[in-house]
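So you can see what is in the structure, the chains are spelled out below.
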Amino acid sequence: PKCREIGLPATYYCEQTCFQKSWKEHKKEHKKAPEASIPTMSAESMVMFNFTGNLRPGKITPMRMVPESIARPDYANHPQGVSLAEQAAYSGKTVRLRGNDLVKMRKVCRLAREVLDIACAAVRPGVTGDEIDRIVHEACIERKSYPSPLNYYGFPKSLCT
């Protein structure tokens, strides 16, 4: 039966006349497009969903791993991705960097610019956000850097597109 095919819950009628009386309303259920839930969208849902145009959701891949040899921010291993150091240090005041701290910040900014340039070079029609995330993640790892968005307040990727 079509009802089972499209995943409708079982419906029972006391007799044929009862079914006929409710047919107009019941038939509307057959025409409804299933709701898309992209993170959990099955192959069957992809086929059944009434998409318009050529755009389709991509598959969400698992969080990428960072080698143990790379220093991690405190939120990297926090279950909710909360940075306790950031919360403790926040005073609302601007921090002025000097000396070695300024040298370190300039190095980090140079590395971030390199990764940003690599990400921008990868952007073109047909390239998925997940592919760009992979490129950014690998570029960070090559530079022995932790991809800062990764697990920040639970964010699962190295890049927000």
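Up top is the structure these notes are about.
Residues numbered from 1 in each chain as written. Predicted model: local features only at pLDDT ≥ 70, side-chain atom pairs only at ≥ 80, totals over all residues. Heavy atoms only, no water.

Colleague: I keep staring at the overall build of the protein chain and nothing clicks. Help me out?
Modeller: Looking only at helices and strands, the protein chain features six helices and zero strands. Along the protein chain, helices and strands appear, N-terminal first, in the series α-α-α-α-α-α. Partitioning the contacts of the protein chain with sequence separation of at least 6, the portion at a separation of at least 24 is 54%. Here the protein chain displays about 12500 Å² of accessible surface, and carbon together with sulfur accounts for 58% of that area. (Helix = DSSP H or I, 4+ residues; strand = E, 2+ residues; numbered from the N terminus. Contact = heavy atoms within 4.5 Å. Areas by Shrake-Rupley, 256 points an atom, 1.4 Å probe, with all protein chains shown as cover.)

Colleague: Got a minute to help me understand the side chain of Ser 83 in this structure?
Modeller: In this structure, Ser 83 sits in the loop between helix H3 (43-48) and helix H4 (84-89). Engagement of the side chain of Ser 83 in a polar contact is seen with the backbone nitrogen of Glu 86, the distance being 3.1 Å. (Polar contact = N/O pair within 3.5 Å; in protein donor to acceptor, adjacent residues only side chain to side chain.)

Colleague: What is the right way to read the pattern of salt bridges from this model?
Modeller: Pairing of side chains with opposite charge becomes possible as their charged atoms draw close. Evaluation of the coordinates by the stated rule reveals ten salt bridges. For Glu 68, the salt bridge identified is with Arg 72, shortest N-O distance 3.9 Å. A relative accessible area of 70% means that Glu 68 is categorised as exposed. What makes Arg 72 partly exposed here is its relative accessible area of 27%. Its salt-bridge partner being Glu 114, residue Arg 110 comes within 2.9 Å of it at the nearest N-O pair. Placement of the pair is Arg 110 and Glu 114 together in helix H5 (residues 99-122), with a separation of four residues, close to one helical turn. The partly exposed category is assigned to Arg 110, whose relative accessible area is 43%. By relative accessible area, which is 27% here, Glu 114 ends up partly exposed. (Salt bridge = Lys/Arg side-chain N within 4 Å of Asp/Glu carboxyl O. Buried < 20%, exposed > 50% of the residue type's maximum accessible area, 1.4 Å probe, protein only.)

Colleague: When you look at unusual backbone geometry in this model, what are you seeing that I'm missing?
Modeller: If a residue is not glycine, its phi is most likely negative; likewise, a peptide bond is most likely trans. Even without being a glycine, Lys 144 presents a positive backbone phi close to 55°. Within the secondary structure, Lys 144 is located in the segment after helix H6 (129-142). With a phi angle near 65°, Asn 151 is a residue other than glycine that sits in the positive phi range. Within the secondary structure, Asn 151 is located in the segment after H6.

Colleague: Is there a simple way to explain the packing of H5 against H6 in this structure?
Modeller: Any two packed helices are characterised by how steeply their axes cross, that is the angle between the axes, and by the distance between the axes. With their axes 9 Å apart at the nearest point, H5 and H6 run at an angle of 155° to one another. Here H5 is positioned roughly antiparallel relative to H6, judged by the angle of their axes. In this structure, the crossing between H5 and H6 has a hand that is right-handed. The residues of H6 that touch H5, namely those facing Val 115, Ile 118, Ala 119 and Ala 122, are Ile 132, Ile 135, Val 136, Ala 139 and Cys 140. Considering only residue class, the contact of H5 with H6 consists of nine nonpolar, no polar and no charged. (Axes fitted to C-alpha atoms, helices over the stretch in contact; angles between N-to-C directions. Parallel < 35°, antiparallel > 145°, perpendicular 65-115°, else oblique. Left-handed = near helix turned anticlockwise from the far one by under 90°. Nonpolar A, V, L, I, M, F, W, Y, C, P; charged D, E, K, R; others polar.)

Colleague: I tried to follow the side chain of Lys 157 on my own but got confused; where do I start?
Modeller: One can find Lys 157 in the segment after H6. The buried category is assigned to Lys 157, whose relative accessible area is 12%. Within polar-contact distance, the side chain of Lys 157 engages the side chain of Asp 130 at 3.2 Å.

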